[in-house]
Amino acid sequence: MGSGHREPFENPVVEWIDSRMPIFTLLNKEYGVFPVPRNFNYFWNFGAIAGFMLVVMIATGLFLAMHYTADTDLAFDSVERIMRDVNGGWLIRYIHMNGASFFFIAVYIHIFRGMYYGSYKKPRELLWILGSLIFLLMMATAFLGYVLPWGQMSLWGATVITGFFTAIPFVGEDLQTLLLGGFAVDNPTLTRFFALHFLLPFVIFAVVFLHVWALHVSGSNNPLGIEPKGPQDTLPFHPYYTMKDSFGLLVFIIIYCVFIFFMPDALGHPDNYIKADPLVTPAHIVPEWYFLPFYAILRAITFNMNLYFLAGFAILAVLLVEFVWRKKPVYIPSASAGIALLAVGGLLALIGFTGDSCARIDAAWLEANAGFKGLCGALQGLPFMSAETAPVSAKLGGVLAMFGSVALLFVLPWLDTHPVRSARYRPLYRVCFLLLVVIFLILGYVGSQPADAAIAGIPLILVGLAGTGYYYAYFLLILPLLGRFEKAKPLPESIHEAVLGKQIKAETKI
Amino acid sequence: MSAHTQSDHDKDGETRRDFMALVAGAFGAVGAAIAAWPLINSLNPAKDTLALATIEVELSEIPVGTAKTVMWRGKPVFIRHRTPEQIEAARSVATQSLIDKEADEQRVKKPEWLVTVGVCTHLGCVPAGQKESDNHGDFGGWFCPCHGSHYDTSGRIRKGPAPKNLAVPPYEFLSDTKIKIG
Amino acid sequence: MIKRTFAKYLVVLAALALAPAMLSAPARAAGGGEKPLDMTWTFDGPTGTYDRAALQRGYKIYREVCAACHSMNLLYYRNLEALGYNEEQIKNIAREYTYMDGPNDEGDMFERPGLPSDRFKSPFENDKQAASANNGAVPPDLSLMAKARAGGPDYLYSLLVGYEEHAPHGHTLLSGQYWNKYMAGHVIAMAPPLAEGQIAYEDGTPQTLEQYAKDVSHFMMWAADPYMEERKQTGIAVILFLIVFAGVMYAYKKKIWKDVH
């Protein structure tokens, strides 16, 4: 990077350095005159805002680490010492604590913006994957950090989350013991979590560097989703976007400060102000809000996936690939064969699901509904129907569904095959995507509630299952289908023309 | 907008823009400095550290001619029960001839009790001289083994690289046999 | 047009900032207890402050009543300065308690009077002793109680005034159990701690159960959040600064973008 032709600088010191190591030339190229589409809206602020939050978290985290003690006997009190005795410690801690939430707010908006405007599509696939990796690393870092204050939610959240690993067949228990350094979340866990929580932000920083590098190779997407055709479509990054980003950042910081100074504990959980006690489990364990949608997906899978269900599921998956992902089926000769397989697969999955669910249906209700009782009896009589013989237990199913929901982000560029990027020109996609956002928020609500909660008689577990279903359908079914059949609105010729056209329209209105 | 006002406007706009850049930059610089302050200030001693800044010492346990070392704010404090000869040695020196001109009367509250911070004012080593068998230096007080500073029986620097006398911590007599340091 | 997109952006930003707060809020309502009373406090709102007289009364209640069972391990006597006591008063308060210290030069432990740098004296040596003295239930530490319960001081107040003499029909209480409207699950191991006229107030404040509950909740809020006043005052200054800064930035940004739009 940065070699080749170099314009001399006027300032002699700058010139002296630059002629030996052209760092100023590089900065000017990448952040000064770097051409950026002229039509960004304010949603394009959030990349810079997320970067700012990373710096805030590293800076405050460094100073907190100087006062923190990673020891189960001392950790809770050392955090309270920061809050009470360290000069300005309460401020640093509240900035860090709420900073995690605001980092996630910025990143969620950044991700949803990328999805709405199709920023993940060619040639920006790698940029998107690096971004997804940052998100994954952030989730790990946030989880590790939440354990450090050693409150009740720290301990029990860590217990539940490391419990995921026990779902892995054969090696799960050993893996969990290895992760914890013992048989429960305890001192060895806390010390290694502290070490990793300190390390990961720097890994994130490195991946952010790669993310920005990839961005500067492909250039930014924009609300129209069409590539700039020439200088009339772009503006230099400085001062146009440095100043626009600065303004947006300030507005963001103001909202952030309202939380820091006036409602610092609003996003946290009261139980985390109780010192961790391995003998008492809180009534209702919830993760931090930014994990809630994924937590709802985890809890949505309450059924064991027995052989019937998995066989049906496999047939349906083959059909998905053959008829939806491929333009022409390769292995299935005709549409009627496909329909027959659909019926078989669907039936198998239904048999498996119902048979497994029968084991959990209320006995009194079953007694009153003789028809169901007979059905359940017959289904449960089948071989390989019991929970013990199910290859994928409900627990493992939940963990797979949750990690799968994050994994889908990584392959999104290949699931959405539509050539048009921006949702502005894809009315159907727009509706489906906005629905996804709404459902994601509903999943968040479901995740925040106790597992047995219900609204208007509908168990929230079912809402969670339906939401999970839509989430997966959006990525695996809707996007490929839209890619093949959605007719996009006509795209403008160029960014310049679109911006001018809008301006003329606005002026004639006045 | 017509063509000739356009250029006037540009020129005017240019200076106004420079001015606004300056204002925005000033706000940014002030804001960054204010934000950095709590981080830096957090490195100063915390309130619990400051609260532990006083200790009480029982003097009746220190016979004449011996000394005791106690810890105060993480540093050694020398408490010496001086003999009449040591007091005499400290008081017979002309103050003007000293490196750090301080009379013995200024350094003690009661002549037989000398209380000093046991940290050499040169580079922070702990001078020898608390025990009978220690090297007391050329002036019968303390001798710093690091770079050879000699202190007298009033803890004053007499020879060597140290620029100042051993510091006297704030202390008060709670009774005839008890002092509070800090 | 810029204004409209910006307004839209603000709405989205505000919604996304508040969504998590709304998401986590309903989850806090503890099961089985009535919703706490909605009280008015002097520390409410962005400019609220603690009432020093109420804090001193609340501390008196803690000292004379609560401290018999509940520790406040995160507080030091020196912290009482914030309640309006001077150094001499604090020394005198601390001196009333005896602390085990040592070892001395002979290697023995010895007793000494408390100092301002000592933590509030705990009623029990350790949790086991606390449990055995209280039917097996450890009275929780009160240092952070106002932050560690959903509803904060409202909840604490409600709990203190929420005792019912008898359990509702159909519920039986074991010995050492009491019925409280606001406790999750209603059954509480703490006997009604406060009663009218129990603690003498010197400043003429009414000596009622409600007043006692209010004062001690006030005190516990301070104990959990001693920097609240400083925090809010700093917050107002910081946000005003940022608003002006953002205004300058907006004007500057508009100036730069003028030729483009």
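Throughout this description, residue numbers start from 1 for each chain and increase along the sequence as written. Key to labels: chains lettered from A, ligands numbered from 1, both in the order written. Where totals are concerned, whole chains, interfaces and linings use all residues; where local detail is concerned, this predicted model gives features only for residues with pLDDT of at least 70, and gives and counts side-chain atom pairs only at 80 or more. Values reported for side chains reflect all heavy atoms of the structure, with hydrogen atoms and water molecules removed beforehand.

### A few points about the packing of aromatic side chains
Any aromatic ring pair is given by two values, namely how distant the centres are and how the planes are angled relative to each other. Between the rings of Phe, Tyr and Trp (Trp by its six-membered ring), a pair exists once the centres lie within 6.5 Å; its type follows the angle of the planes, with under 30 degrees stacked, over 60 edge-to-face, and the other angles tilted. Tallied over the full model, the rule gives 60 aromatic pairs over all chains. Ring geometry for A:F198 against A:F202: centres 6.1 Å apart, planes inclined by 25 degrees, an arrangement best described as stacked. Taken together, the residues span about one helical turn, with A:F198 and A:F202 both in helix α9 (residues 187-218) at a distance of 4 residues. Each residue's exposure class comes from its accessible area (1.4 Å probe, protein chains only) as a fraction of the maximum for that residue type: buried when under 20%, exposed when over 50%, partly exposed otherwise. Residue classification places A:F198 among the partly exposed residues on the basis of a relative accessible area of 34%. A relative accessible area of 43% means that A:F202 is categorised as partly exposed. Summarising the aromatic geometry, the rings of A:Y474 and A:F475 are spaced 5.2 Å apart at their centres and angled 85 degrees between planes, so their arrangement reads as edge-to-face. Each member of the pair A:Y474 and A:F475 is classed as buried. Over a ring means this: the NZ of a Lys or the CZ of an Arg is within 6 Å of the ring centre and within 35 degrees of the ring normal. Sitting over the face of the ring of A:Y42, A:K244 holds its NZ or CZ atom 4.8 Å from the ring centroid. The aromatic ring of B:Y171 is capped on one face by B:K109, whose charged end is 4.5 Å from the ring centroid. Numbering of helices and strands runs from the N terminus, with a helix taken as a DSSP run of H or I at least four residues long and a strand as a DSSP run of E at least two residues long.

### Concerning helix α3 (residues 84-91) of chain B
All names here are of chain B. Burial in α3 covers these residues: Q86, I87 and A90. Projected onto a plane normal to the axis of α3, the buried residues spread over an arc of 100 degrees and lie on a single side. Opposite the buried face of α3, by more than 90 degrees, sit the exposed residues P84, E85 and E88. Here, residues are in contact when the closest pair of their heavy atoms is within 4.5 Å. Residues of α3 that are buried in the fold lie against β3 (75-81) and α4 (104-107). Think of the arc as the fan of directions from the helix axis to the C-beta atoms.

### Section: helix α17 (residues 427-448) of chain A
A helix is expected to reach a length of 1.5 Å times the quantity of its residues less one. Helix length check: α17(A) (22 residues) gives 32 Å between terminal C-alpha atoms against 32 Å at 1.5 Å per residue, within 8%. Taken together, the buried positions of α17(A) are occupied by A:Y429, A:C432, A:F433, A:L436, A:V437, A:I439, A:F440, A:L443, A:G444, A:V446, A:G447 and A:S448.

### Points about the domain arrangement of chain A
Residue and element names in this part refer to chain A. Segmenting chain A into domains produces domain 1 (29-287) and domain 2 (298-496). Computed over C-alpha atoms only, the centres of domain 1 and domain 2 are separated by 30 Å. Once two parts are joined, some of their accessible surface, as seen by a 1.4 Å probe, is lost; buried area is that loss totalled over both. Between domain 1 and domain 2, a total of about 3500 Å² is buried, with carbon and sulfur atoms accounting for 69% of that surface. Where E227 meets R421, a salt bridge forms, and the shortest distance between an N and an O atom there is 3.0 Å. Contacts described as polar in this section are N or O atom pairs within 3.5 Å, which, within protein, must combine one atom able to donate a hydrogen with one able to accept it, while residues neighboring in sequence count only if both atoms come from side chains. On the surface where domain 1 and domain 2 come into contact, there are 17 residue pairs in polar contact (both at pLDDT 80 or more). Broken down by secondary-structure element, the contributors of at least two residues to the side of domain 1 that touches domain 2 are α5 (89-116) and α6 (125-147). Among the elements that take part in the side of domain 1 that touches domain 2, α6 stands out by supplying 8 residues, more than any other. Gly is placed with the polar residues, together with every amino acid not listed as nonpolar (Ala, Val, Leu, Ile, Met, Phe, Trp, Tyr, Cys and Pro) or charged (Asp, Glu, Lys and Arg). Counted by class, the side of domain 1 that touches domain 2 contains 23 nonpolar, 11 polar and 8 charged residues. An automatic or database domain assignment supplies the residue ranges for each domain. A carboxyl oxygen of Asp or Glu within 4 Å of a side-chain nitrogen of Lys or Arg is what we treat as a salt bridge.

### Overview of unusual backbone geometry
In this structure, A:P123 follows A:K122 across a cis peptide bond, with omega equal to 10 degrees. Mapped onto the elements of the fold, A:P123 is located in the loop between α5 and α6. In this chain, C:G102 is followed by C:P103 through a cis amide linkage whose omega measures 0 degrees. Within the element layout of this structure, C:P103 appears in the loop between β1 (98-101) and β2 (110-113). A positive phi angle, near 55 degrees, is found at B:R73, a position not held by glycine. Tracing the sequence through the fold places B:R73 in the loop between β2 (67-72) and β3. Assessed through its relative accessible area of 55%, B:R73 is described here as exposed. Phi at C:H186 is positive, roughly 70 degrees, even though this residue is not glycine.

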